[in-house]
Amino acid sequence: MIELLQQVRVIDPTLEIDQIADVLIADNQIQDLATQITNITPHTQIKNCRGLILGTGLIDIYSHSREPGFEQRETLSSLLQAAAAGGFTRISILPDTCPVIDHPAIVAQLQQKNKPNPNTPHLYIWGGITQNLAGKQLTELGDLAASGVIGFTDNQPWENLDIVQRALEYLQPTKKPVAFFASHSSLSPNGVMRESPEALRLGLPPIPASVETTAIASLLELVAATSTPVHIMRISTARSVELIASAKHRGLPITASTSWMHLLLDTKAIKTYNTSLHLDPPLGNSSDVEALRTGVKERIIDAIAIDHAPYTYEEKVQAFAQSPPGAIGLELALPLLWQHLVETGKFTALQLWRALSTEPAKCLQQKPSAITPKEKAELTLFDPQKTWIVEQKNLHTLSTNTPWLGQELKGRVVKIWV
């Protein structure tokens, strides 16, 4: 198939491009990019793309697959369909399935179920650092590394720093990404909401920022001692941004990410008691949101993660504090981030696309895609003006746990090339 996308807005953070151009794609390869392309064959499919955006493919560095074990929430098939509908060409799943991904046989099982398909994103798999993600005994890290996992994480708070140090020492030779969710949950074992005046008014158990920052400080000291590169997941506080900025200035080998919802909402949103706003880590105060946005723009925080966490209606319909934390996001993140950050002038298009595309690739130690002739087409075509209603019939994910359920959004992905 030969496609000519006419007068599309091309956004490529790899080449620092944001321009209107024609793009010619043939057999999933970019053939040409120019102000105007006129030399085309009779079989070329011509598409008027004025007002549309063509960017490098989006990459999600971590989300939750519910298969195996919780297929009523999400299957691998529905997850990949949701990712494609959201503009993602690569997606990485966390190891907290049932059974957990802590053995090469589980990795092989998932790889066998995920047959390569030109219409769906590439699937990457995180392997567990400890057996059953219990934080007590290391997995057979060498065997897992050889099985093809993208990297290692337990995706949950750590209390035993001795195990963390041993993991960093053992994992260094694998040359694969190692990710940690930094949280000393024992400082606030029953907390569900960031410590704030709103938490007091709503009567919800608070979580102080120190739950996150003390854990980050400890982790940074271990990184300094071992020199093992680390990715720090789910940054949510202003002080965390300061700690990471200081560590990067010192030359520590770290990258960091925040979730897309933490860039859009703060504690004030929880006044509705909508359980889809119960997240881990919790939404921050307004000062946290501003610091996170600045951190992304200044590349202190490298990537925006989706952290897609589907739950059934029954699981989420209960008291806020008793509901499981997490929300869906694969099909919602790009439209909402574009609408609230780019269209309002808070981010440039390149700043947002970089944090959703090229920088996540680097965090995963992969080559970012680029929109240049002779490159394979790994692209996202996005219509920022398309309106649609967030409801089950318009979603590919099996779950609807999002605070935007029932609302009209502006912006929708038209197509991806993988």
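Computed from a prediction, not measured in an experiment: that's the story for all the values here.

(A) Main features of the UniProt feature "domain: Amidohydrolase-related" (unreviewed entry) in the protein chain. Here the UniProt-annotated "domain: Amidohydrolase-related" (unreviewed entry) positions come out as residues 269-416. For residues 269-416, helix accounts for 27% and strand for 16%, while the C-alpha atoms at its two ends are 33 Å apart.

(B) How the structure looks around the pattern of salt bridges. Scanning all chains against the criterion turns up 17 salt bridges. Close ionic contact of K113 with E67 constitutes a salt bridge, the shortest N to O distance being 3.1 Å. Of the two residues, K113 sits in helix α2 (residues 104-113) while E67 sits in the loop between β6 (58-63) and α1 (76-85), which places them 46 residues apart along the sequence. Overall, the relative accessible area of 48% leaves K113 in the partly exposed class. Here R293 and E290 are joined by a salt bridge, their closest N and O atoms 3.5 Å apart. Of this pair, R293 and E290 both sit in helix α8 (residues 286-297), 3 residues apart, which is roughly one turn of the helix. Taking the relative accessible area as the measure of exposure, E290 reaches 45% and is therefore partly exposed. Connected through shared salt-bridge partners, R299, E359 and K362 make up one network.

(C) Representation of the packing of helix α6 (residues 210-226) against helix α7 (residues 238-249). Two elements in contact, α6 and α7, have axes separated by 9 Å at closest approach and are oriented at 15°. Between α6 and α7, the interaxial angle falls into the category roughly parallel. Crossing handedness for the pair α6 and α7: right-handed. Counting all contacts with α6, which are made through E212, T213, I216, A217 and L220, the residues of α7 involved are R239, S240, L243 and A247. Residue classes in the contact of α6 with α7 are distributed as 5 nonpolar, 2 polar and 2 charged.

Rules used in this analysis
Residues numbered from 1 in each chain as written. Predicted model: local features only at pLDDT ≥ 70, side-chain atom pairs only at ≥ 80, totals over all residues. Heavy atoms only, no water. UniProt positions renumbered as here; feature names shortened; annotations may be inferred. Helix = DSSP H or I, 4+ residues; strand = E, 2+ residues; numbered from the N terminus. Salt bridge = Lys/Arg side-chain N within 4 Å of Asp/Glu carboxyl O. Buried < 20%, exposed > 50% of the residue type's maximum accessible area, 1.4 Å probe, protein only. Axes fitted to C-alpha atoms, helices over the stretch in contact; angles between N-to-C directions. Parallel < 35°, antiparallel > 145°, perpendicular 65-115°, else oblique. Left-handed = near helix turned anticlockwise from the far one by under 90°. Contact = heavy atoms within 4.5 Å. Nonpolar A, V, L, I, M, F, W, Y, C, P; charged D, E, K, R; others polar.

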